[in-house]
Amino acid sequence: MSSYEPHAIERKWQQVWEEAGAFVTPNPEDPASREARNSYVLEMLPYPSGELHMGHVLNYTLGDVVSHVRRRSGWSVLRPMGYDAFGLPAENAAIREGAHPREVTERNIAAIRGQIKRMGWSIDWTREVSTHEPEYYRWTQWIFLKLFEAGLAYRKAAPVKWCPNDQTVLANEQVIDGRCERCGAEVESRNLEQWMFKITDYADRLLDDMALLESWPERVLTMQRNWIGRSEGAEVTFRVEEVDEDVPVFTTRPDTLFGATFFVLAPEHPLVERFAERSPARDELRAYARHAAAKKTEERAAADEKTGVFTGFYAINPVNDAPIPIWVADYVLMDYGTGAIMAVPAHDERDFEFAEKFGLPIMQVVAPADGEAEAGLYVAHSDEEILVNSGPFTGLSSPEAKKAIVESLAGRGLGHAAVNYRLRDWLLSRQRYWGCPIPIIHCEACGIVPVPESELPVLLPEVDDYLPKGRSPLAAAEEWVNVSCPSCGGPALRETDTMDTFVDSSWYFLRYTDPRNDKAPFDRRLVDYWLPVNQYIGGIEHAILHLMYARFFTKALYDLDLLGFREPFARLFNQGMIYRFGAKMSKSKGNVVAPDELVDRYGADALRLYILFMGPADQDKEWQDTGVEGMWRFLSRLWRVVHDELDREPQEPGSTALARKAHETIHKVTDDIERRFVFNTPVAAVMELVNDISRDPADPASRFAVETAVALIQPYAPHIAEELWSALGHSRLWAAPWPVADESLLVRETVELVIQVNGRVRDRLQVAAGSPDEELVALARASERVQAHLSGPERRVVVVPDKLVNFVV
RNA sequence: GCCGGGGUGGCGGAACUGGUAGACGCGCUCGGCUUAAAACCGAGUGUCCGACGCGGACGUGGGGGUUCGAGACCCUCCCCCGGCACCA
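Residues numbered from 1 in each chain as written. Chains lettered and ligands numbered in written order. Predicted model: local features only at pLDDT ≥ 70, side-chain atom pairs only at ≥ 80, totals over all residues. Heavy atoms only, no water.

Enquirer: What am I meant to see in the pairing of strand β31 (residues 750-757) here?
Expert: Working note: regular strand, side chains alternate between the two faces of the sheet. With eight bridges joining them, β31 and strand β32 (residues 760-768) adopt antiparallel strand pairing. Among the inter-strand pairings, Gln756 is bridged to a residue of β32, identified as Val761. Joining the antiparallel neighbours β31 and β32 is a turn of two residues, in which Asn758 adopts a positive phi near 55°. Looking at chain direction, β31 and strand β34 (residues 804-808) are connected through four bridges and run parallel. By the bridge assignment, Val757 is partnered in β34 with Phe807. (Pairing = 2+ DSSP bridges. Helix = DSSP H or I, 4+ residues; strand = E, 2+ residues; numbered from the N terminus.)

In C-alpha cells:
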C-alpha cells in the first residue's frame with residue numbers, strides 16, 4: 001500500500017485546479033438580479049515583502065475554509081488576491097541594493113505569489129491586482145481627483161509630523177509614542193504645505209454608521225470611537241480688553257462656568273506673543289513658551305508637576321463679568337479644541353493640580369445631589385449634581401444648567417453649543433518616490449490645477465536617485481516636473497509628492513469586482529452586486545488606520561453617487577497573533593518559523609491544518625514546534641484508514657453507531673464553521689471520527705464514515721482530500737456538495753444518565769431516550785453506588801430528562 | 001487611570017443555552033514490532049489518599065454569593081496581554 005507523500009499530491013492538484021479554473025468566479029451576466037446567493041470573502045491584501053509569514057498563513061487559511069464551505073454549499077464566492085505594493089520598505093530595499101523599487105517589488109511579488117500558490121488557497125487568480133501598476137493607480141488618481149472636486153482633498157500649510165530618518169511626513173496615525181511607526185525614529189515637527197483628506201467631515205457618520213455593521217469585534221469599534229474622540233460641549237468666548245480680543249474656549253462642562261477662576265493658553269497660542277510684546281516679563285514669557293512648545297506632547301504628559309507662567313493679563317468670564325488671570329501652561333494643547341481653556345479647579349483634576357501649585361482660587365459650583373459642596377476637588381460622575389454659587393442657575397441640575405447657560409450665552413453672542421473631535425484630517429502627502437503620484441499641476445497663473453482625466457495615469461517618472469532629501473525625489477525629474485498648464489497653457493510644475501500607501505488600499509476591495517476595467521475604477525453595478533464584503537479577515541493592527549480610511553472612502557464615493565452602500569465591510573474578523581517562546585514572532589527576536597520550511601517537510605495540508613487547530617482563531621496563542629508534525633501524523637492515519645477501506649471487500653452499508661458518529665461530525669463541523677465561526681474544534685471532530693473508524697474497520701458504516709471524513713476535511717486539507725476522494729472513486733471534491741447531516745440519525749436511542757447525590761456524580765447509566773421522569777428516578781435509586789450515598793432523609797429530587805437525576809439529602 | 005480581551009493538566013486547548021471538567025492534539029510512561037533506532041501499532045497519563053481491577057477527597061487565578069447543581073451567573077480582589085491617555 002502506498003503511503004502519504006504530500007508533495008507530489010499537492011503539486012498535482014494545484015495544477016488540476018488551475019487547469020479546471022476551479023476557483024474562478026465570473027461576474028454575473030446581470031448584476032442587477034440578486035437572485036444568486038453570492039458571498040464576498042476577503043482577507044487583507046499582503047504587503048509584498050517576499051516572505052510569507054505565519055500571520056498570513058492563518059489569515060488566508062481561515063478565509064480559505066470559509067470560501068470552500070460556502071462554495072460547496074452552493075454560493076458564488078468572490079475570493080481575490082492582490083498586493084499592496086507601494087511603500088517605504090521596497091524603496092529602502094531598493095536604495096540598499098542599488099536597484100529600482102519596481103524591480104524589488106516585482107521580485108517580491110513573484111516570490112510571495114509562489115508561496116501563496118504552494119499553500120493551495122482557492123483564489124480567483126484572474127482578479128489579481130497590484131497597487132503599483134499604472135492600470136491600478138490610474139484609478140487611485142482618478143478617485144483623488146473626484147475627492148478634490150468634491151472639496152474633500154485640499155492643500156494646507158500645517159505643522160506636520162516629520163520622520164528625520166525616512167525623510168518624510170507621517171500621518172498622525174503613523175506616529176506611535178512620538179516615534180515613526182515604521183523605523184522607530186523620534187518624530188519632529190515641521191511646517192509644510194501638504195495634501196489632506198477631509199475625513200473630519202465624516203466624523204459623525206463614521207461613528208453613527210457603526211450601527212450598519214453586522215459583526216465587528218467590539219474592541220475595534222471602541223478603538224475607532226476613541227480615535228474619533230467626539231465630545232459634546234460648548235464654545236464660550238472670553239473677552240480680553242487689553243488687546244481687544246475675543247478668545248474662544250471649548251468646554252464639555254459649561255455648567256461649571258461660574259467656577260472658572262483662571263484661564264490658560266497653550267504655549268503655541270498666537271496670543272502669547274501678543275501678551276509678551278506688552279509685558280514687562282516678556283523674556284520670561286517667551287522663554288517658557290519656546291521651551292514648552294519644543295517639548296513633545298508625550299514629554300509634557302509625563303512631567304510630574306504642572307508648570308506655567310502668569311501673563312499679567314486678564315480675561316472676562318462671560319457669565320459673571322469676573323476678570324480671571326490668564327496663564328500659559330504646557331498642559332494645554334494647541335491642537336485640541338481652541339488651544340485655550342477656562343480652568344475650573346474645583347471640578348477638574350488637571351486644573352486643580354495647577355491651582356494648588358500656584359495658589360489660585362478654587363470655587364465649588366457643583367455639588368452632589370444629596371450632599372453639600374465640599375472644599376477641594378469634586379469630579380462629577382453622574383447627572384445628579386446640582387449647581388451652587390452659580391447666580392441665577394443655582395439649584396439647577398447639571399444637564400439643565402448646561403443647556404440654560406449655553407442658551408443664555410448664545411443670546412448674548414458669547415457662546416454656542418459645539419462638538420469637538422480628536423480626529424484630524426488625513427495628511428496624505430509623502431516626500432518619497434515609491435508611491436502613487438498626486439495628479440495635480442501647480443500653475444503660476446491658475447494655481448492648483450487638476451490633471452485632466454484623459455491624461456491619467458500620471459506615470460511615476462524614472463529617476464536615478466531615490467534617496468530622501470526632505471523634498472520628493474520626483475522633483476529631480478525635471479522633464480517630468482515642467483509641464484504646461486492644462487488650463488492656461490503657461491509654464492507650470494507637477495506636484496512632486498506621492499500619496500500615502502493607505503490611499504491605495506482604501507479602495508482595492510472595489511477594484512477586485514472589476515479588475516480589468518479601463519474605462520472606470522469599477523462598474524457600479526458590480527460593486528453593488530458584490531459589496532459590502534460579507535466577511536473581511538485581517539490583523540488587529542489595522543483596527544484604526546486602514547479600516548477607518550476604507551470606511552471614509554466608501555462613504556465619500558457613496559456621496560459622489562459612485563456606489564450604493566455606505567459601509568465596505570459587513571463582518572470583520574481579526575485573527576489572533578502567534579507567539580513563540582512567549583513573544584510575537586519577529587525577525588529581531590529570532591523566533592520566526594518559516595512556513596516554507598514546514599511545507600517542505602510536511603506539506604501545505606499539514607501546516608494549514610495546524611494553524612487552525614492550534615486554538616481559537618481570534619485569540620493569541622503559542623506556536624508549538626511539534627504541532628505540524630502531529631497534523632502530518634493525522635493525515636497519514638487518514639490516508640491509511642481510506643486505503644484499508646479500499647482494500648476490504650465491499651460490505652452492505654449499515655446504520656450503526658459509526659454512521660451516527662459520522663452524521664454528528666457533519667453537524668458539528670458545519671455548525672462550528674458557519675454559525676459559531678470557530679475553526680479548531682471541527683478538526684478535533686474529524687479526528688474523533690477517524691479514531692472511531694480505526695477502532696472497528698469492519699463496521700458496516702465504515703465506507704460512509706471514511707467518505708464523510710474526507711469530505712469534511714477538504715476545506716482544511718484540500719490536496720489530500722482531493723486525492724483520497726478520487727481514490728474512493730469520485731471526482732471534483734472542490735465542487736461536491738457540502739455534506740448534510742441526517743437529522744433523524746442525530747437522535748439517540750439511548751442516552752447516558754448522570755446520577756448525582758447533592759450535586760456530585762455518583763453513577764452513570766445507559767437508559768432509553770425519552771424515558772419518563774419516574775422511571776429515571778427509579779433506575780437511579782436502584783444503583784448501588786447511589787444508595788451508598790443516600791443516607792439521611794431525601795429532601796428533593798431534580799430530574800433533567802435524558803440527562804441527569806440529582807438526589808438532595 | 002479608562003476601554004477591550006484573557007487566566008482550565010507538563011504544553012496548545014475543549015466544555016456553545018448553568019447539568020459527566022480536561023474532548024482533540026503535543027509531550028511523557030509502559031508494552032508490541034525491530035539485531036537496533038526511527039516510523040508505526042496498543043495501553044496509560046489532573047493532584048492526592050487507600051485494604052491500587054472496587055473506591056474516596058481535592059481540583060478551572062484568590063475570596064465571597066446565587067443555585068439541587070457554577071469553569072460558565074453576581075459581587076470583590078489579584079495577575080497577564082492589547083489599545084487609549086494632561087483631549088478641557
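Enquirer: I'm lost on the side chain of Asp351 in this one. Help?
Expert: Examined against the element boundaries, Asp351 turns out to sit in helix α11 (residues 349-358). Despite its burial, Asp351 pairs with no opposite charge, the nearest such side chain being Arg350 at 5.5 Å. Each residue touching Asp351, except ones within four places of it in the same chain, is listed here: Phe262, Tyr331, Ile341, Met342, Ala343, Val344 and Pro345. (Buried < 20%, exposed > 50% of the residue type's maximum accessible area, 1.4 Å probe, protein only. Lys, Arg positive; Asp, Glu negative; His and termini not counted. Salt bridge = Lys/Arg side-chain N within 4 Å of Asp/Glu carboxyl O. Contact = heavy atoms within 4.5 Å.)

Enquirer: Looking at this model, I keep getting lost on the packing of aromatic side chains. Mind explaining?
Expert: Two aromatic rings, taken as a pair, are described by how far apart their centres are and by the angle between their planes. Within this structure, the stated rule accounts for 39 aromatic pairs. Where Phe144 meets Phe197, the ring centres are 6.0 Å apart and the plane angle is 55°; that geometry is what we call tilted. In this pair, Phe144 sits in helix α5 (residues 134-149) while Phe197 sits in strand β9 (residues 188-197), placing the two residues 53 residues apart along the sequence. When its relative accessible area of 0% is taken as the criterion, Phe197 is described as buried. Grouping aromatic residues by their ring pairs yields a cluster made of Phe144, Phe148, Trp195, Phe197, Tyr202, Trp426, Phe502, Tyr549, Phe552 and Phe553. One Lys or Arg, Lys117, reaches over the ring of Trp125 and ends 4.7 Å from the middle of that ring. (Phe/Tyr/Trp six-rings, centres within 6.5 Å; stacked < 30°, edge-to-face > 60°. Lys NZ or Arg CZ within 6 Å of the ring centre and 35° of its normal.)

Enquirer: So what exactly am I meant to see when it comes to the protein's contact with RNA strand B here?
Expert: In the neighbourhood of RNA strand B, 57 residues make up the surrounding shell, with Lys306, Arg350, Thr626, Arg640 and Arg760 lying closest. For RNA strand B, the fraction of protein-proximal atoms (within 4 Å) that sit in sugar or phosphate groups is 63%. At 2.7 Å, a side-chain N or O of Glu752 approaches a base nitrogen of RNA strand B. At 3.4 Å from a phosphate oxygen of RNA strand B is found a side-chain nitrogen or oxygen belonging to Arg762. Broken down by element, the surface near RNA strand B gets its largest block of residues, six residues, from helix α22 (residues 680-695). In terms of residue class, the surface near RNA strand B is made up of 21 nonpolar, 13 polar and 23 charged. (Near = heavy atom within 4 Å. Polar contact = N/O pair within 3.5 Å; in protein donor to acceptor, adjacent residues only side chain to side chain. Nonpolar A, V, L, I, M, F, W, Y, C, P; charged D, E, K, R; others polar.)

Enquirer: Before we go on, may I ask you to explain the packing of helix α7 (residues 218-228) against helix α17 (residues 545-559) in this structure?
Expert: In a pair of packed helices, the angle between the axes and the distance between the axes together describe the arrangement. Closest axis-to-axis distance for the α7/α17 pair is 10 Å, and the angle between their directions is 75°. In terms of their interaxial angle, α7 and α17 are classed as roughly perpendicular. Between α7 and α17, the residues in contact are Val220, Gln224, Trp227 and Ile228 and Leu547, Met548 and Arg551, respectively. (Axes fitted to C-alpha atoms, helices over the stretch in contact; angles between N-to-C directions. Parallel < 35°, antiparallel > 145°, perpendicular 65-115°, else oblique.)

Enquirer: What should I look at first to understand unusual backbone geometry in this one?
Expert: Only a minority of non-glycine residues have a phi that is not negative, and only a minority of peptide bonds are not trans. A cis amide bond links Leu456 with the next residue in sequence, Pro457, at an omega value of 0°. Looking at where Pro457 falls in the secondary structure, it is placed in the loop between β22 (447-450) and α13 (478-481). That bond from Leu531 to Pro532 is cis: its omega, 0°, falls within 30 degrees of zero. Tracing the chain through its elements places Pro532 in the loop between α16 (524-530) and β26 (535-539). We note that Asn389 has phi near 50°; this positive angle belongs to a residue other than glycine. The residue Phe677 is not glycine, and still its phi comes out positive at about 55°. Mapping Phe677 onto the fold places it in the loop between α21 (657-676) and α22. Residue classification places Phe677 among the buried residues on the basis of a relative accessible area of 12%.

Enquirer: Would you take a moment to explain α11 for this structure?
Expert: Since the α-helix advances by 3.6 residues per turn, residues separated by three or four positions end up pointing in the same direction. Within the sequence span of α11, burial applies to Asp351, Phe352, Phe354 and Ala355. With its buried residues spanning 165° around the axis, α11 presents them on a single face. α11 presents Glu349 and Glu356 as exposed residues on the side facing more than 90 degrees away from its buried surface. Next to the buried residues of α11 lie β12 (262-265), β14 (323-328) and β15 (340-343). Immediately downstream of α11, the backbone of Gly359 shows phi near 65°, a positive value. (Arc of directions from axis to C-beta.)

Enquirer: Help me understand the pattern of salt bridges in this model?
Expert: Proximity of charged atoms lets side chains of opposite charge pair with each other. Applying the stated rule across the entire model yields 47 salt bridges. Residue Arg580 pairs with Asp625 through a salt bridge whose shortest N-O separation is 3.0 Å. Here Asp625 lies in the loop between β30 (621-622) and α20 (627-647) and Arg580 lies in strand β28 (residues 578-580), a separation of 45 residues in the sequence. One connected set of salt bridges, linked through shared partners, spans Glu43, Asp64, Arg79 and Arg608.

The values are spatial; any link to function lies outside them.
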